[in-house]
Amino acid sequence: MAIKGSCHCKATIFEVSEAPRTVTQCTCSFCSKRGSLWAYYTPSQFKLITPLKNVSFYQWGSKTVKHGFCATCGCGTFTETPDWSTGEPDFDNPKISVNSRLFDDFDLDKVEVVVIDGKNLW
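First things first, this report covers the structure right here in the doc. (Residues numbered from 1 in each chain as written. Predicted model: local features only at pLDDT ≥ 70, side-chain atom pairs only at ≥ 80, totals over all residues. Heavy atoms only, no water.)

### Digging into the pattern of salt bridges
Part 1: A full pass over the atoms with the stated rule returns 2 salt bridges.
Part 2: Linking Glu 80 and Lys 66 is a salt bridge whose minimum nitrogen-to-oxygen distance equals 3.6 Å. Remark: Lys 66 occurs in strand E7 (residues 66-70) and Glu 80 occurs in strand E8 (residues 76-83); sequence separation between them is 14 residues.
Part 3: We classify Glu 80 as partly exposed; its relative accessible area is 29%.
Part 4: Lys 66 sits in the partly exposed class, given a relative accessible area of 29%.
Part 5: Residues Lys 110 and Asp 107 are paired through a salt bridge, measuring 3.9 Å at the closest nitrogen-oxygen approach.
Part 6: A relative accessible area of 37% means that Asp 107 is categorised as partly exposed. (Salt bridge = Lys/Arg side-chain N within 4 Å of Asp/Glu carboxyl O. Helix = DSSP H or I, 4+ residues; strand = E, 2+ residues; numbered from the N terminus. Buried < 20%, exposed > 50% of the residue type's maximum accessible area, 1.4 Å probe, protein only.)

Following this line, the structure appears as structure tokens:
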């Protein structure tokens, strides 16, 4: 069942194909300041409903990951990233991480939170 999400001002609206089984809390400097809980999808499972011009991107360090945020209200929305499940970037297997705190009409408290030690891994 598809789930819609949106930023605070609704200028950025997206949809994912299914509910996440788990969400990730990363402790790296960026994610911990942002406060996101990430749900991971393939690009085909993610659909940006509003125009791409409503999204701004921030890249830091190696510029490998594109962190999206609403260009109007500033909410962190989604990230375009290679798959990091092996500890190395897999550019042939891109992922979209979605800030699950932005899901509309979804009980996030029923989803397991997995903490990764991004503070020491990256």
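From this point, the narrative continues.
### So, the side chain of Ser 100
Part 1: Among the secondary structure elements, Ser 100 is positioned in the loop between strand E9 (90-99) and strand E10 (112-116).
Part 2: Once residues within four sequence positions are removed from consideration, Ser 100 is found in contact with Val 23, Leu 37, Ala 39 and Leu 108. (Contact = heavy atoms within 4.5 Å.)

### So, the sheet that holds strand E5 (residues 46-48)
Part 1: Read across the open sheet, the 3 strands follow the order E1-E2-E5; overall the sheet is antiparallel. Two strands bound the open sheet, and with one partner strand each, they are strand E1 (3-6) and E5. Between one strand axis and the next, the sheet turns by 20° as a mean value, whatever way the strands run. (Pairing = 2+ DSSP bridges. Axes fitted to C-alpha atoms, helices over the stretch in contact; angles between N-to-C directions.)

### What to know about the nonpolar core
Part 1: Counting 16 residues, the largest nonpolar core has Val 16, Phe 46, Val 98 and Phe 103 as its most contacted members.
Part 2: Residue assignment for this core shows that the elements contributing at least two residues are strand E2 (13-16), strand E4 (38-41) and E9.
Part 3: Not counting the four nearest positions on each side in its chain, Val 16 is found in contact with Ala 2, Ile 3, Tyr 41, Gln 45, Phe 46, Val 98 and Phe 103.
Part 4: Among the nonpolar cores identified, the runner-up in size contains 5 residues, and Cys 26, Cys 28, Phe 30 and Trp 38 belong to it. (Core = buried A, V, L, I, M, F, W, Y, C linked by side-chain atoms within 4.5 Å.)

### Considering the environment of Gln 25
Part 1: Tracing the chain through its elements places Gln 25 in strand E3 (residues 22-26).
Part 2: As a C-alpha pair, Gln 25 and Val 115 span 90 residues in sequence and 4.7 Å in three-dimensional space.
Part 3: Ignoring sequence-local partners within four residues, the contact set of Gln 25 consists of Ser 36, Leu 37, Val 113, Val 114, Val 115 and Ile 116.

### Notes on the pairing of E2
Part 1: Across the two faces of E2 the burial differs, with Phe 14 and Val 16 buried and Ile 13 and Glu 15 not buried at all.
Part 2: Sheet topology places E1 next to E2; 4 bridges connect them, and they run antiparallel. Its bridge partner being in E2, Gly 5 is matched across the sheet by Phe 14.
Part 3: Here E1 hands over to E2 after 6 residues, with Lys 10 in that stretch at a positive phi of 70°.

None of the figures reported here should be taken as evidence of function without further support.
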